[in-house]
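Summary of structural features
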Amino acid sequence: MTDDDSDVRFDEDAGLLVRPYTVTGGRTRPAAEFHLITLVAATGRALGEVTPEHSRILRVCRRPTSVAEISAHLRLPVAVIKILLADLLGWRAIVTRAPVAFPDMARPDRHVLEAVIDALRAL
C-alpha cells in the first residue's frame, strides 16, 4: 500500500472509471454487516498488495469514520464500500463500532409527539 493518491480507476471529474462489480470482484454481498452509521477505524496493520480502493479506505479511516462518510469520500456506492470493508475486517486491517440500539426508544411516546405538533402549530 502506498500513500500515492493517483488511481487509474478514478477520475476527479468523471468519477469511477470501472463498474462497481469489477471493484468488488463480482461480489454482491458483504461478508459482514455494516450500518450507514457504523464507525470504522484503521488498525495500522501492515498489509501486502491491496486494491487501490482498499488503500483509499484505510487512508480515510485513519480516524473513526462512518460507512456513509467513507462512501462519500471514495465516491463509491455504499454496497461496494460494505463489501470492501468486510475484506478489511477479515484481514484485521480495521475495527468497527456498530450503532447502539435503544429498544425502549424505538417508538416515541404519543403524548410527546402530540405536544411537539401542538407547539409547531403555535408557531
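So, here's what we can say about the structure. (Residues numbered from 1 in each chain as written. Predicted model: local features only at pLDDT ≥ 70, side-chain atom pairs only at ≥ 80, totals over all residues. Heavy atoms only, no water.)

Before going further, it helps to examine the packing of helix α2 (residues 52-60) against helix α3 (residues 67-74). Between α2 and α3, whose axes approach to 10 Å, the crossing angle comes to 125°. Relative to α3, α2 is oriented oblique. Once α2 is placed against α3, the crossing between them reads as right-handed. When α2 is examined against α3, the residues E53, R56, I57 and V60 are found in contact with a partner set consisting of I70, H73 and L74. (Axes fitted to C-alpha atoms, helices over the stretch in contact; angles between N-to-C directions. Helix = DSSP H or I, 4+ residues; strand = E, 2+ residues; numbered from the N terminus. Parallel < 35°, antiparallel > 145°, perpendicular 65-115°, else oblique. Left-handed = near helix turned anticlockwise from the far one by under 90°. Contact = heavy atoms within 4.5 Å.)

Below, the discussion takes up the side chain of S71. With respect to the helices and strands, S71 occurs in helix α3. Here the side chain of S71 touches L76 through a polar contact of 2.5 Å, landing on its backbone oxygen. Non-local contacts of S71, meaning those with residues more than four positions away in its chain, are made with L76, P77, V78 and I81. (Polar contact = N/O pair within 3.5 Å; in protein donor to acceptor, adjacent residues only side chain to side chain.)

Sheet strands pair by backbone hydrogen bonding; their relative direction is either parallel or antiparallel. Ordered in space as β4-β3-β5, the 3 strands form an open sheet in which the pairing is antiparallel. Of all strands in the sheet, those with a lone pairing partner are β4 (65-66) and β5 (94-97), marking the two edges. The pairing of strand β3 (residues 39-42) with β4 spans 2 bridges and is antiparallel. For V40, the partnering residue across the bridge sits in β4 and is T65. (Pairing = 2+ DSSP bridges.)

Geometry of a packed helix pair, given as the angle between the helix axes and the separation of the axes. In the contact formed by α2 and helix α4 (residues 78-90), the axes pass within 10 Å of each other and the chain directions differ by 80°. Taken together, the axes of α2 and α4 are roughly perpendicular relative to one another. Along the contact surface, α2 presents E53, H54, I57 and L58, while α4 presents I81, L84, L85, D87 and L88. For the contact of α2 with α4, the residue count by class is 6 nonpolar, 1 polar and 2 charged. (Nonpolar A, V, L, I, M, F, W, Y, C, P; charged D, E, K, R; others polar.)

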